[in-house]
Structure formats: structure tokens, C-alpha cells
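# Structural characterization, general
The residues making up each chain are set out below.
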Amino acid sequence: MHWHLPVTQKETITCYDDLGHPKTHGLEQRYVSPTTGVCRKLIVQAVAPFGKYEVPISNHANQASKIAIWLLSNSPVRGWIIFRWIGLWFLFTLKLFWSVVWLLAQLVSPIDLADDTGEDTELYNTGLYKPYARGFQGQLWAARSPMEHSARIIEEGEMDIPTHTLYPRLLIIRDPIKNEWVPCTDRDIIIRTKFIAISYRAVDAFTRGPNQEIEKAEFIEEVRVAVLGQKYNAYWLDLECVGETPSEKNMDLYCMADVYRGAEVTLIMLGKSAVGENECWRGWGERVWTMPEALLSSRLCYKFRDREVVTPLSLFELANLAYTDYDIEQAIINAYSGKDPLERLERLTLLKSAIWRRGTAALAPGVAPPPLKLDIMGGKSVTSGAYKAERVYALMGFFEHRIQPNRSEDDLRALVRLSMANDNDRIAERMVSMLPSTITKTACWYADDDIYRANLWDILPEIQVAGITENGALVVDGCRAAAIRWKDFPEVAFLTTDSLRRTIIGFIPYLSWPTLIIGLGILMITRVGGITLIVIGLVLLIISPRLFVFSHSGRIVSAQPWFIGVKGAISIAEVERHLYGGARGHFPRMYFTPSGSQFSIPERSVTRGGSPKQYDYAKLAESGPDAGHIYTLIDTCSSTMYYFRAERPPTVCIFAGREGGLGRFVLCSERCDINELHKETVLRMPTEISQKMELCGWVALG
């Protein structure tokens, strides 16, 4: 017998680059390099580094500026610091000497020292942020354009469903000769027949079990008696009028809104009043279909099962009896009664909120839909059981364009299809720009609320949905995207305000070495002249740090655009030091955002600005329950800092829309194995910086 030591295999995943080349790596967070397009490990600079993928904050700022600032900030007469001070001063003078030598060498014979390492070492201002170098490469499950391939299974008869109907597919009509109720599918008869539509709650009609069919028959008989009592000879009741085959069921569900629009009156059949009238009304009002049935009806009346009387009622009376969320539902009732009309998108948004709180055949009221399951997207369509997207199908009756029902899709997929069918509303596009209180692990684009207290109709989207993937990811087009740098602070090319005095003073330190060398050269010829030049050169070398700092201390008017990330809350002074090497007596070079993040605090003064208190606010959150999830984003284009919370460091910034005078920028982390981005947070930044971001191809948000 041979014994072997157990082998522990490290989990790996495989991703593909734009050329389809596979790359296998570990489960650590990764990003696509904007310079090479290669997938790399994400190294994060942090205020308090922890773990092997976090490093202390470092920078590539001009070293001469950093040394000069240190020399001016520290007195050489304080103890043993004089030795360090002299050493750094000597290093600073050597840098001045090297600059002179380099200038002379370039004049004699230009030298190109550019490298091909792919690192961001060159100092130049392209006027653009670093691009996001990867796009969506998968296949769509449902596409906006009919020219695109969709992997979605189209059920039998789905393409034959009309856009709208003026009459039901089937009615139950009383035959006066035979004195019996018969189903009728004859179009000529149906279009000439006035009918009552029945609205009810299933548990008020029957109880699932061995007596289910008997209870259904009793309920149907009560409905017929009530219909005759209202002087009608036809009615529509889903227990009898919804078809048996999948195509008939889909068609009846698709056109249900037209049934209630076309009915002369809608009769609400409530449970037995003996259990409590309020209980009957609340139970009926909590179901997902009852709201569109009531709102789309021309007239309403109701009846309790244990009472004979049928009572008419208005929408206002209905709201008081059946609806619990009074503010939202009262606004909807006012809109549909003509008392207080709402804009289309606002009305549809309120309707979605109201319907989403209601129960379906598969979910109780207020229960969120289950997580997405990929097994329902297999080779066969689902033809039995409740519709998973029942809420969306109830909502679509209020839209101009509808979607064909499909049992294999859930709420989110159906909502995307409904949004694509009604492009003017652009509901899914607006949701991308919102920052909900909780971002789900899948379908991160979906949002019911917004931390910035904006409504769906407040957002003007700048992207377009191209489709949705099998994973539930939203594929969007027209994105302006930029990469976020996390490993360190780069050296930023910047331009200060023009000043003749600073230009002259900035040139003087570079004359120190030539003056000194010339003085040494003529010392044997003219002793007095040589010593004079040597003294002048030494004096210039001694005061050169101060002259050098002053020449770089103007207001920054433009800088190379960069998004730079830091884990933790970093102070504004430290950011300025890492970016530009620091300055003395300078204008502010970085600003806090007044309203761009969840930590923003605006200044209450004459001019608009962000309060420094948000730094303390972010530090407090960093030491509390959000420890390890507080980050800082530095934007060099607008010279603004943002503190935000995220589960993982975002590596891509996407311009998605506008709201309230600012742009909505979605910060995303990358999932290279499934070729998707995941929303981590949303920041409100100046819209004009989006023009510094390059357009990219399709992007999947999942």
C-alpha cells in the first residue's frame, strides 16, 4: 500500500481577453489594465493597509518638489536633523545639476528613453481619463433589436398575440332560449355584447383541496346571480375565461387590461362579511391584479358573498376601504380620476411601487422575488405553475406597448423587456443611475429607492439598454467609461496660472550650477571674478528650494484627468501632497464635494462648496460598522474628493445619466470570469468631466 500526502488545490477561475485567449488565475479581485488590456491582480493603496493586496499610500509626484517642501518645512537647527537636512539638500542640488545636463544633452543629441513596460510613467496631458479596455463579449437572453439574436425561449403562439384587443377572446353569455350560460368565442357576438368583468381574491372564492371544484362551482353560481341582478347577460371571470393551452393563457394574460377597459362595469366579489368587512377589503386590496383591475375600469361596484345587495363605489371610496399605503395610492387614484393628473413616468413609477408591494399567486404581499435561478433558462420553456413575473404583467396594462408573457422569466427580466418595449420611459436606464439603500449581489442595476432622494423621473439617462443576459445582467450601450487607479498616486501633469514673476524665479535655480561651474573654470584666470561667481552659485543653491517651491505654487487651472482611489478616509492635505508634491502659501488644489456622495456636507455660506466636516464624518463611519468599506475617490479634472461606502474597491467609472444639475457616475468592480461589472456605488459629479471619458462598447451590469 502506498500512502500519499493530501494535495490542496487552490480554487481558480478562467477569463478571456478581447482576442479570446484564456487566462487562469485565483479568486482575488482583479481589474483590466487600461494600458495593456490584460487582467491583473488589484493592488489597493490604503490608509491602514491590511492583507497582501493592500499597500501603503505612495506617489510618483515630482521628487524635487517633495524634497524642496520638506527642506522648507523642517529647520536644520533642530537636533540631529541637520545631517538629514544637508543630505536631502545635496540630493536636491544634484537633481538641479542633472536637469541642466539633460537639457544640454537633448540640445546636442535628442535621446528617447521611452519604455514598453505598460506602466504609466510618462508625464503628459492627453485631456482624457484612462479608458476602460474591456467590453461585453457574451450573448443576450433578450435583445432590444429584433436583428440581434436572443437566447430566450419563445413559447408556442407568442408571436401571434396582438398588441391590443378591443374585445375579450372568450365571454360567458346567457343563452335566452336554453336558459343556460355558455362560453362564446364568436367575435361578431362578443363585440355586440355588453358584459361585466369580475374582480376577486382566489382565497375568497375557493380553498385548494378536495372540495376545490365544488367551491368553484358555488362561487361561479353566485357570480351569475349577481350579473343577472345587474341586468346583464354576459360576464368575464378568469376561472372560466382564461384558456387551457399555453398560447391561450399567454394571450388572455396579455390582454387582461383590455378586458377591464372594455367592461361596462367591474364587480368586486368580496369574501363573507361575517369574518369582517375591513378584513375582506384589505385582503382584496393586497393582491397584485386587483389594483389594475380597479383603475382600468370605467365603473365599479362590490358585493359580499353572504349578502345580496350590490353597491356602487368610486375610486376614492375604494382607496379608503382597500388600500393601506395611503399617500402613494391616493396620488394614483387622483391621477386616474382626473382630479390631480401626474406626468406619465411619475404615474407609472407610483404604480410600480404599489403593485410591487402586493402579493401574487407565488408570493405573499411585500415579499421580494427569489434570487435569479439559471436552471429556468434551459432548453424547455415552463408551461405550468404561476407566472414568476406576474407583477410585471399586471403593471404592463398601463403601458402603451406590452410584452408577451413567458413563464420562464422572473420579475427583473420581464421588467427589462417592458422597459425596452417602451423606450420613451427608459425605466431600466434610469434605475442604473440610482443608488439604492441595498445593492443586490445579482442584477445590481435594479433600484427601488435612491439614497440621494431622487425619483425615477428626475433622472435623465445617457445610456441605452441593448438587452439582458441569461445571468440577469443589463447590457447597456453608449457608456462613457474610465478606469480608476488604485495602486498609487501617479505623477499628474498640470498647468498653473501664468505669472512672469514665478516664471523668472523658477528659472533662477537652474542657473546655480552653471554659475558655479563657470566660476571654478575662470578661477585661474581671474581670481576675483571666479570667487564672485562661486559665491553667487552657492547662494543660489542654498535658496533654490524656496525659489523652486514658489515657482510651483500657483493656482492649478488644468490637470491630466485621473480617477484615483484610496481605501479609507484620507485628508485633503495629504492628497495634495501626494498629487503635486505640496506647496507653500498656495491656493487650494483639492476641494470637498458639496453634494456628490452619501458623506457630503454642503457649506452654508455665500459660495457653494463642501464642508471639511465630511472628512470627520467618513473617519467616524470608518471606525464603526462600515469599517473596511470606506473609500476615497480623487478626481484631478474637477479637483474634487469623494468619500463613499462600497463592498469592494470599484475599478471602473461609468457616466450613466444626469440629475439635479450633476452627472450620475456609477462606480463598478469587475468580474472578469463572467465579463460583467457590478455596481458598488453612485456618485454625483460635474457633468462636464464626462467629456473627458472615452466612449466604450457594450457593458454588462450584473
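See the structure shown above.
Because the structure is predicted, anything quoted here is derived from the model rather than measured. (Residues numbered from 1 in each chain as written. Predicted model: local features only at pLDDT ≥ 70, side-chain atom pairs only at ≥ 80, totals over all residues. Heavy atoms only, no water.)

What follows is about the overall build of the protein. Regarding its fold elements, the protein presents 21 helices and 29 strands. For the protein, buried positions account for 49% of its 702 residues. Pairs at least 24 residues apart make up 66% of the contacts formed inside the protein by residues separated by at least 6 positions. When the accessible surface of the protein is split by element, carbon and sulfur atoms take 57% of a total near 34,500 Å². (Helix = DSSP H or I, 4+ residues; strand = E, 2+ residues; numbered from the N terminus. Buried < 20%, exposed > 50% of the residue type's maximum accessible area, 1.4 Å probe, protein only. Contact = heavy atoms within 4.5 Å. Areas by Shrake-Rupley, 256 points an atom, 1.4 Å probe, with all protein chains shown as cover.)

To continue, consider the sheet that holds strand 14 (residues 311-313). On the basis of which strands lie adjacent, the open sheet formed by seven strands has the order 9-8-11-10-12-13-14 and mixed pairing. Of all the strands in the sheet, just strand 9 (180-184) and strand 14 have a single pairing partner and so form its edges. The sheet shows a mean angle of 30° between the axes of neighbouring strands, taken without regard to direction. In terms of strand pairing, strand 10 (residues 196-200) meets strand 11 (residues 234-236) through two bridges, oriented parallel. Each residue of the ladder has a partner; that of Ile 196, found in strand 11, is Tyr 235. Each of strand 10, strand 12 (265-270), strand 13 (300-304) and strand 14 is contacted by helix 9 (residues 277-285), which is oriented at about 120° to strand 12, the strand it contacts most. Helix-sheet contacts for helix 11 (residues 315-322) involve strand 12, strand 13 and strand 14, and the interaxial angle to strand 14 is about 100°. (Pairing = 2+ DSSP bridges. Axes fitted to C-alpha atoms, helices over the stretch in contact; angles between N-to-C directions.)

Quick look at helix 17 (residues 500-507) now. Along helix 17, the positions that sit buried rather than exposed are Arg 502, Ile 505 and Gly 506. When helix 17 is viewed along its axis, its buried side chains cluster within an angular range of 100° and face the same direction. Exposed and facing more than 90 degrees away from the buried side of helix 17 are Leu 500, Thr 503 and Phe 507. Against helix 19 (527-551) lie the buried residues of helix 17. (Arc of directions from axis to C-beta.)

Here the focus is the packing of helix 17 against helix 19. Each pair of packed helices can be described by the angle between their axes along with the distance between the axes. Running from N to C, helix 17 and helix 19 cross one another at 145°; their axes reach a closest spacing of 8 Å. The chirality of how helix 17 crosses helix 19 is left-handed. Where helix 17 abuts helix 19, its residues Arg 501, Arg 502, Ile 505 and Gly 506 lie against Leu 547, Phe 550 and Ser 551. In terms of residue class, the contact of helix 17 with helix 19 is made up of three nonpolar, two polar and two charged. (Left-handed = near helix turned anticlockwise from the far one by under 90°. Nonpolar A, V, L, I, M, F, W, Y, C, P; charged D, E, K, R; others polar.)

Right, let's talk about a nonpolar patch on the surface for a bit. Together, Phe 97, Trp 98, Val 101, Trp 102 and Ile 517 give the surface a local cluster of nonpolar side chains, amounting to about 470 Å² of exposed area. Take the nonpolar patch: its biggest share by element is four residues, from helix 2 (residues 81-108). Note that Phe 97 resides in helix 2. A residue is classified by how much of its surface remains accessible, and Phe 97, at 32% relative accessible area, is partly exposed. (Patch = residues over 30% accessible without salt bridge, like charges linked within 9 Å, V, L, I, M, F, W, Y side chains within 5 Å. Salt bridge = Lys/Arg side-chain N within 4 Å of Asp/Glu carboxyl O.)

Within helix 9, burial applies to Cys 280, Trp 281, Gly 283, Trp 284 and Gly 285. Next to the buried residues of helix 9 lie strand 10, strand 12, helix 10 (290-295), strand 13, strand 14 and helix 11.

Note on placement: Val 100 falls in helix 2. Residue classification places Val 100 among the buried positions, given a relative accessible area of 17%. Excluding residues within four positions of it along the chain, Val 100 makes contact with Tyr 510 and Pro 514.

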